[in-house]
4 protein chains.
Amino acid sequence: MPNSFGKNFTISTWGESHGAGVGVVIDGCPPNLPITADEIQVELDRRRPGQSDIVTPRKEEDRVEIISGIFEGKTTGTPIAMLVRNADHRSSAYSEMKDKFRPSHADFTYQSKFGIRDHAGGGRSSARETIGRVAAGAIAKKILASAGVEIRAFVTRIQDIAAPESALENFPAAADVEATAIRCPHGETAAKMIERIKAVRSEGDSVGGVIRCRVRGIPAGLGEPVFDRLEADLGKAMLSLPATKGFEVGSGFGGTLLKGSEHNDLFEVRDGKTRTVTNRSGGIQGGISNGEEIFFNVAFKPTATILQLQKTVDVQGNATELMGKGRHDACVLPRAVPIVEAMAALVLVDHWMRQNAQNGTFRF
Amino acid sequence: MPNSFGKNFTISTWGESHGAGVGVVIDGCPPNLPITADEIQVELDRRRPGQSDIVTPRKEEDRVEIISGIFEGKTTGTPIAMLVRNADHRSSAYSEMKDKFRPSHADFTYQSKFGIRDHAGGGRSSARETIGRVAAGAIAKKILASAGVEIRAFVTRIQDIAAPESALENFPAAADVEATAIRCPHGETAAKMIERIKAVRSEGDSVGGVIRCRVRGIPAGLGEPVFDRLEADLGKAMLSLPATKGFEVGSGFGGTLLKGSEHNDLFEVRDGKTRTVTNRSGGIQGGISNGEEIFFNVAFKPTATILQLQKTVDVQGNATELMGKGRHDACVLPRAVPIVEAMAALVLVDHWMRQNAQNGTFRF
Amino acid sequence: MPNSFGKNFTISTWGESHGAGVGVVIDGCPPNLPITADEIQVELDRRRPGQSDIVTPRKEEDRVEIISGIFEGKTTGTPIAMLVRNADHRSSAYSEMKDKFRPSHADFTYQSKFGIRDHAGGGRSSARETIGRVAAGAIAKKILASAGVEIRAFVTRIQDIAAPESALENFPAAADVEATAIRCPHGETAAKMIERIKAVRSEGDSVGGVIRCRVRGIPAGLGEPVFDRLEADLGKAMLSLPATKGFEVGSGFGGTLLKGSEHNDLFEVRDGKTRTVTNRSGGIQGGISNGEEIFFNVAFKPTATILQLQKTVDVQGNATELMGKGRHDACVLPRAVPIVEAMAALVLVDHWMRQNAQNGTFRF
Amino acid sequence: MPNSFGKNFTISTWGESHGAGVGVVIDGCPPNLPITADEIQVELDRRRPGQSDIVTPRKEEDRVEIISGIFEGKTTGTPIAMLVRNADHRSSAYSEMKDKFRPSHADFTYQSKFGIRDHAGGGRSSARETIGRVAAGAIAKKILASAGVEIRAFVTRIQDIAAPESALENFPAAADVEATAIRCPHGETAAKMIERIKAVRSEGDSVGGVIRCRVRGIPAGLGEPVFDRLEADLGKAMLSLPATKGFEVGSGFGGTLLKGSEHNDLFEVRDGKTRTVTNRSGGIQGGISNGEEIFFNVAFKPTATILQLQKTVDVQGNATELMGKGRHDACVLPRAVPIVEAMAALVLVDHWMRQNAQNGTFRF
């Protein structure tokens, strides 16, 4: 099931950019959770186009309809299907994409794999697919919130403009993240990032960067040894997002410069609990949460769609050129922030339920 | 099934460091593949202890026994179980680990998760678990080889000692990788790396670094859109290895410094085929292979076990100290090279079979 | 994923009887299959209410909308989501069901499991859920038809009225099955069955019976040894249908009366192929198809909803009574015929794709 | 993973009849369960050959070795691998089977599916594969016992010799089942059954029959709506056993003769709990346990191996004959009783853990 994610709290997404709509079904949601379409809409509004002057000006409301699984305001334990209709589908604006492969997009590989593709707006490979993830993630976030867990993603770097590490050490307030359109909690850096995005956009070009995500409140014991390590599933979740090229947890690539004696997280007793003095492990040891803050970075490449003439090849195998046009994000990171949070929430709820499964009832 | 990996070519591993043995069963292997225990042993010998003077001097032969699934020298399509007996099990050398949590190991988290743990040598969290992966990977590599696919992993950096990028651009020869104990194909750098490892080991300390993996010969079309993208599954595979902290594919984190116009891989016609001029995508676009070389980097932290006195906490929750002892790798990377190759092979065979499933017979 | 079925051709259903609608998403459908909503509608019309004078007179059109996965009349290999809106949802006609458990329905068990339930019309436990199965099955049937496979289910017994075995030995023509409202291909028996249903309905009572399904054209080699035997997956598929109480394949329960020498299917050479003389195996040996016709029987209990006063217990745990009312099927079998065919098709396509996965490309 | 069963408590079996051995690995077993090899051996001894004078006189001890997952007498939550070595493997006694397909066995279908097969003793299709199921089932049974659940299977009919239904209505004592070699708790019938088996055996022939299984102590709420209904998973489990041809739960095929008013299980308040007056549902409604006793029947065909000359076809496609020889069971049912119990236990533990997953921690 390549379009499903999670073992216990499982989401399946469907839909194309310019088809009838996009949607998701959640299978395995715990019952009796109070949830409304409005609460889900809040998260969708954080990812929708047109929300600020640095994202694509496309006008799509992305209103969610709950089809099933919620009865009188509460989850029933049965599948929760949610649907967002596409506003302007089957656009003729994409006719050139029918025949020419856009560089660094999925047009060529979809064609190679399936021998057919819905070319309009990228079809299934469009980032509109993530609408379903965000809708499902909103429910996962509410479940986690009920257990005292907070998830906060934020932009730390756009191209070479990075927030100072000192400003990123603590768990940022939601208000600080949402204060600017770029969703970097360090105001001064945020301003520079926004300026850069506007500059490259005016050239018809694009930029990428890095998003960090922090999670606090996860108890020790989530994650499975061996293959389904918590960092492996978080890594897969992030690398399944469009435009991602890298993932690192805790000390990450930088940690490889240290010696073991510098890198190890010593244990100490703090507030009567076993805690680590430092947190280079990023809250995960041996694939299992240790109760410390979980944090990781995700690299996003510059947007593949640029408003410039590029060499390419057409479906018939002839060299040609393609001029990018239309309304696109010159930088996907601000809209990717809620998506990263959604995926993190989905992984964590799923692992929590797996922990329930094995350790939930039988006591010997 | 947290101890299983893969959807069609599925491996399940079992075993603890000091139990009766470690093993693996492969479910779904194609039938009629000629394979011998000796061919599998070749890969196990690349990961076993005692193979050189920079890895742990522990003496374990790690001889594989094939229990099932191979008949008169060929796979039958039924489960292939393989077992490696542990040489010196239930050692008393680990008695201190029974009560004290080793820093940056999985002792505390296993105890938190399960309320019990096999402490001897790390039990299930020991890297001995990867024996099963390597044995299964040997079969996967042979399957891929039959289709003309080559996989080559190699060390590119130890702590701050990095091979020059110019020396890493091409697919290295196996002989160059295996020429030195560190498995870095650039001889000059390899010598420095070995020197560094010996130096830190003499201090009872440890180091980490980066392994790169290149794959050539994969046709366009492998990988699934959305969640089971090829890079997502490769990333999960690598992040499921002990001591890994990061994964990046193609241009990776560095690629975020480029603009879209600099980063995009333009298409061209080459030798009558649709090819990319550059390969910042790392052979994968939209989660699907595009026929170019696949490459990625994996970050390994410095070995957690160091022969120094470290502060820690005991099982009863009291602050204490632990002195590392025994025979350990001061650097896991040389032995991790065949493991990275094994995991890459497992992911690729699995996705190839998924492609078969959906596109194999029905033609419309 | 309790609401999903199949490993390669996977369907996930959602929706409640009186919610916004019911639907399904297919993940893994082969690309390039020409299919229209009208072709799917044909199968839905065979299961919809109001189609004859022996089924419930409820008026629901059950019009299917294809949301995704089909582009310009062909499948694209991406998820196919289909939605059927409910006509008269959130009916007040079911208010009594809110508090009282209907005997031999799922009200009590859903309440026990989830602590909450959508009581209107049975919510998720309503047979309306099977709409998604039939819609997905229509696509599976078309795939199989392209490979020369035919599936035919039909009613063989209603209560004690059974068609003569001699009339059931051959693969019946579709026209003979569809000739009567009861879908028994033996006209004389069909007339008696219809008469019986009308009689019990006039008493506010209900009846059950047996459906047989025959499949021809399946090549030898489908099905997996051990757990995922073809008959095990067919059995699970049928026993997952509402109101089913039994499943038997080939000689079934009756075959246990024979001796081995009477029961064994001897092999012979026929038309140059290895065939069995008899077919007590029902086309499956060792869990794998042998190329003969596959056939099995499914037992359906009498409809639980009867228009009579019955003793029951309310949600608060008090003894009470409940009077059945509304428009119901006095016998579910005629409408279950297309559902049985749909489930059989889903199992067979799934296993065909599994066979592709393991045996599709790698040749040694 | 065709050789795996269960979603949370997952078993994977491997091994061939005449290879090195057969085994199983359990993934997901709850930690801290005290269990010994001797406890597992008790169940294996109930299925092993040579245990009485009506089963095959082959001498195999079937001693289980625990390879992993149990530490100091308790489960650790990690994979439990168990191995039973084959006594006399690679026998030359099976040379004729190399070339000729045994009627109603899996020889022809394995050859068709895989293009290769381990012919010795039936290879993977041998009932020796069930050793792993019984070993894993022993652990599942102990888990259930800790929660007050009892499982009892027993023979109710051999060919046409059936125990009176009045003698089968209650949950039989283990001692009554084990009192005779046939494992029918009605002594008088048991004697006739044994006599029949000896008679057909002396003719070189074989017989089949029916096993019933009863489970008491399962709380209401286990089982998943829609596809993974408790009866669907029980049915699949039983139909995955060699030689099974049918499965029925509760009233089964016989229940189809009743009207709804006769068949419905009315609710009443008994001992302060909501109970059903009758139990035609077999303890399952809407796919979910209702707290009543669960019971079902399984049909086993007569053993395919008979010591008579039978027509068949060889691997080259020529008509030929095959004379059965060797030591075989003339009736598999007595040895199948512990296997049925094992599979029932595996399904029930798995569903219990699924219930934990969804309902275990999050309370709203």
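Parameters and conventions
- Residues numbered from 1 in each chain as written.
- Chains lettered and ligands numbered in written order.
- Predicted model: local features only at pLDDT ≥ 70, side-chain atom pairs only at ≥ 80, totals over all residues.
- Heavy atoms only, no water.
- 1 Å grid on protein atoms, 1.4 Å probe; cavity = no way out; pocket = protein on both sides within 12 Å on 5 of 7 lines; lining within 4 Å.
- Points joined across faces, edges and corners; volume = space filled by probe spheres on them.
- Helix = DSSP H or I, 4+ residues; strand = E, 2+ residues; numbered from the N terminus.
- Contact = heavy atoms within 4.5 Å.
- Buried area = accessible area lost by both parts, 1.4 Å probe.
- Salt bridge = Lys/Arg side-chain N within 4 Å of Asp/Glu carboxyl O.
- Nonpolar A, V, L, I, M, F, W, Y, C, P; charged D, E, K, R; others polar.
- Pairing = 2+ DSSP bridges.
- Axes fitted to C-alpha atoms, helices over the stretch in contact; angles between N-to-C directions.
- Polar contact = N/O pair within 3.5 Å; in protein donor to acceptor, adjacent residues only side chain to side chain.
- Buried < 20%, exposed > 50% of the residue type's maximum accessible area, 1.4 Å probe, protein only.
- UniProt positions renumbered as here; feature names shortened; annotations may be inferred.

For the structure shown, the criterion picks out 18 cavities of 30 Å³ or more. Put simply, the second largest cavity is a space of about 910 Å³. Going through the elements one at a time, β14 (284-285) of chain A together with β11 (244-249) and α9 (333-359) of chain B are the ones with two or more residues in the lining of the second largest cavity. Per element, the largest residue contribution to the lining of the second largest cavity is three residues, and it comes from α9(B).

Between chain B and chain D, the residue contacts involve 44 residues of the former and 44 residues of the latter. For the pair chain B and chain D, the two sides together bury roughly 3200 Å², of which 61% comes from carbon and sulfur. Ranking the residues of chain B by area buried against chain D places Met1(B), Phe71(B) and Ile116(B) at the top, with a combined share of 20%. Summed over the shared surface of chain B and chain D, the result is two salt bridges. One salt bridge connects Arg85(D) with Glu65(B), and the closest N-O pair in it is separated by 2.7 Å. Contributing elements (two or more residues each) for the side of chain B that touches chain D: β2 (10-15), β3 (21-27), β4 (64-66), β5 (70-71), β6 (74-75), β7 (80-85) and α3 (107-114) of chain B. Examining the composition of the side of chain B that touches chain D, we find that five residues originate from one element, β2(B), more than from any other. Looking at the side of chain B that touches chain D residue by residue, the class counts come to 16 nonpolar, 16 polar and 12 charged.

For the rest of this paragraph, the subject is the sheet that holds strand β1 (residues 4-5) of chain B. Residue and element names in this part refer to chain B. Sheet architecture is open: five strands sit in the order β1-β2-β3-β7-β4, paired in antiparallel fashion. Edge positions in the sheet fall to β1 and β4, since each of these pairs with one other strand and no more. The strands touched by helix α1 (residues 37-47) within the sheet are β4 and β7, with β4 carrying the most contacts at an inclination of about 150 degrees. Contacts from helix α4 (residues 130-146) reach β2, β3 and β7 within the one sheet, and its direction differs from that of β3 by about 35 degrees.

Before going further, it helps to examine the pairing of strand β18 (residues 319-323) of chain A. Residues and elements named next belong to chain A. Judged from the five bridges that link them, strand β17 (residues 309-313) and β18 form a sheet pairing that is antiparallel. Bridge pairing in β18 places Leu309 opposite Met323. Counting the residues between successive antiparallel strands, the hairpin from β17 to β18 contains five residues, one of them, Gly317, with a positive phi of roughly 90 degrees.

Okay, the side chain of Asn264(B) next. Within the secondary structure, Asn264(B) sits in the loop between α8 (260-263) and β12 (267-270). A distance of 2.9 Å separates polar atoms of two side chains, one belonging to Asn264(B) and the other to Gln310(A). Apart from residues no more than four positions distant in its own chain, Asn264(B) is found in contact with Pro103(A), Ser104(A), Thr303(A), Ala304(A), Ile306(A), Gln310(A), Thr278(B) and Arg280(B).

Look at Ser104(C): it is not a glycine, yet its phi comes out positive at around 60 degrees. If you trace the backbone, Ser104(C) turns up in the loop between α2 (95-99) and α3 (107-114). Of note in the backbone geometry, Asp62(D) takes a positive phi value of approximately 55 degrees without being a glycine. Here Asp62(D) shows up in the loop between α1 (37-47) and β4 (64-66). Under the relative-accessibility criterion, Asp62(D) is labelled buried at 3%.

Below, the discussion takes up the pairing of β3(B). Residue and element names in this part refer to chain B. With seven of seven residues buried, β3 is to be regarded as a mostly interior element. Pairing analysis gives six bridges linking β2 to β3, with the strands arranged antiparallel. Note on β3: the bridge partner recorded for Gly15 is Val22. Here β2 hands over to β3 after five residues, the two strands then running antiparallel side by side. Note: β3 against β7, six bridges, orientation antiparallel.

Once that is clear, we can look at the pattern of salt bridges. All names here are of chain B. All told, the structure shown has 136 salt bridges over all chains when counted by the stated rule. Across the pair Glu293 and Arg214 runs a salt bridge whose closest N-O atoms are separated by 2.7 Å. Residue Glu293 is located in the loop between β15 (288-289) and β16 (294-300), and its partner Arg214 is located in strand β10 (residues 209-216); the two are separated by 79 residues in the primary sequence. You can call Arg214 buried: its relative accessible area is 6%.

Moving on: the interface of chain A and chain B. Counting residues at the interface gives 104 residues for chain A and 104 residues for chain B. Of the roughly 8000 Å² buried at the junction of chain A and chain B (both faces included), carbon and sulfur atoms supply 59%. Broken down residue by residue, the surface that chain A buries against chain B is led by Lys113(A), Phe227(A) and Lys245(A), which jointly contribute 11%. Counting the contacts that link chain A with chain B gives eight salt bridges. Here Lys113(B) makes a salt bridge to Glu224(A), at a shortest N to O gap of 3.6 Å. Applying the counting rule to chain A against chain B returns 39 residue pairs in polar contact (both at pLDDT 80 or more). Taken together, the residues of the side of chain A that touches chain B sort by class into 39 nonpolar, 40 polar and 25 charged. Sheet topology places strand β11 (residues 244-249) of chain A next to β11(B); three bridges connect them, and they run antiparallel. Within the sheet, the bridge partner assigned to Glu248(A) lies in β11(B) and is Gly246(B).

Residues and elements named next belong to chain A. Sites flagged by UniProt as "binding site: FMN" (unreviewed entry) map to Arg124, Ser125, Ser126, Gly286, Lys301, Pro302, Thr303, Ala304, Thr305 and Arg327. Across 204 residues in sequence, these annotated residues place their C-alpha atoms as far as 44.7 Å from one another, rather than forming a single compact spot. The annotated residues contributing to the lining of the second largest cavity are Gly286. Among the secondary structure elements, Ser126 is positioned in the loop between α2 (107-114) and α3 (130-146).

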